[in-house]
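# What the coordinates show
One letter stands for each residue in the lines below.
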Amino acid sequence: MFKFEVPSLMVGTLDNLMTLSDELGKTDAIIESVVRKIEKTGTELSGKKGSDLTVGGVPAPRYIQQFAWDYAKYPNRRPLKELVALISGGVSAIDEELKQLSQSFADKQVALSEAKRKKGGNLLVADLNDVVTEQAMRSVEVHDSEYLKTLFVAVPKVDMEKFESTIQSLGSNLVGYGGACLILSFP
């Protein structure tokens, strides 16, 4: 058990309190949903349970026990309605920042998985500039004219024999395949 210090706030009229009471229910639900999103995101990213999360480096239970009103950020001389608006605005800003950080994180995860796929994948998804070296290209005669184009085809080693036996049947425009192959190993 501990004493929770709440500053003396400007209450205003009963009518103002009744109106604010209705708004606080909605505001409380919004703030709780943002806190739950933060908790869920933190748990997913760290693999820790929600009880292990901290507020400013302090465990949540201890933060609540040591809570002190921030008079500079939320002056107690302001009407309650303004204080609620300030707190809601701060929570909205945090929610927006969380969305942006989550999107950025998701984009980076996609880029990382794409890079891993290209690095550890096969020649079908790899950038050939990373695979075909200048030294390997010295033995290849490249044609690039109106009538002739040199094409590079990635064929798995196990299918090489089948490819060479059926290459001539691919099309009537195919000329000049003389069995020139670059045999490259790819991780």
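As a reminder, the structure under discussion sits directly above these lines.
Just so it is clear, the model here is predicted, and its values are computed rather than measured.

### Quick word on the overall build of the protein
For the protein, the count of helices and strands is six helices and two strands. Sequence-ordered secondary structure for the protein, helices as α and strands as β, is α-β-β-α-α-α-α-α. A total of 187 residues make up the protein; the buried ones form 11% of that total. Entry remark: accessible area of the protein is about 15,200 Å², with carbon and sulfur atoms responsible for 58%.

### Regarding the pattern of salt bridges
The final tally for this structure, using the stated rule, is seven salt bridges. In this structure, the salt-bridge partner of R36 is E39, at a minimum N-O distance of 3.1 Å. Of this pair, R36 and E39 both sit in helix α1 (residues 14-46), separated by three residues, roughly a single helical turn. Judged by its relative accessible area of 26%, E39 falls in the partly exposed class.

### Description of the nonpolar core
One finds L20, Y74, L80, L83 and V84 forming the largest nonpolar core, which totals five residues. Top element by residues in this core is helix α3 (residues 80-120). It accounts for three residues.

The rules we used
- Here the residue index of a chain counts from 1 through its sequence in written order.
- Restriction of local features to residues with pLDDT of at least 70 applies here, the model being predicted, together with a cutoff of 80 or more for giving and counting side-chain atom pairs; totals for whole chains, interfaces and linings are based on all residues.
- The basis for the side-chain values is all heavy atoms of the structure; hydrogens and waters are excluded.
- A helix here means a DSSP run of H or I that spans at least four residues, while a strand means a run of E at least two residues long, and both kinds are numbered starting from the N terminus.
- A 1.4 Å probe rolled over the protein chains alone gives each residue an accessible area, and that area as a share of the maximum for its type sets the label: buried under 20%, exposed over 50%, partly exposed in between.
- Computed with a 1.4 Å probe, the accessible areas rest on the Shrake-Rupley method; for each residue, only the protein chains presented here act as cover.
- Salt-bridge detection follows one rule: a side-chain nitrogen of Lys or Arg within 4 Å of a carboxyl oxygen of Asp or Glu.
- Working definition of a nonpolar core: buried Ala, Val, Leu, Ile, Met, Phe, Trp, Tyr and Cys residues. They are joined through side-chain atoms within 4.5 Å.

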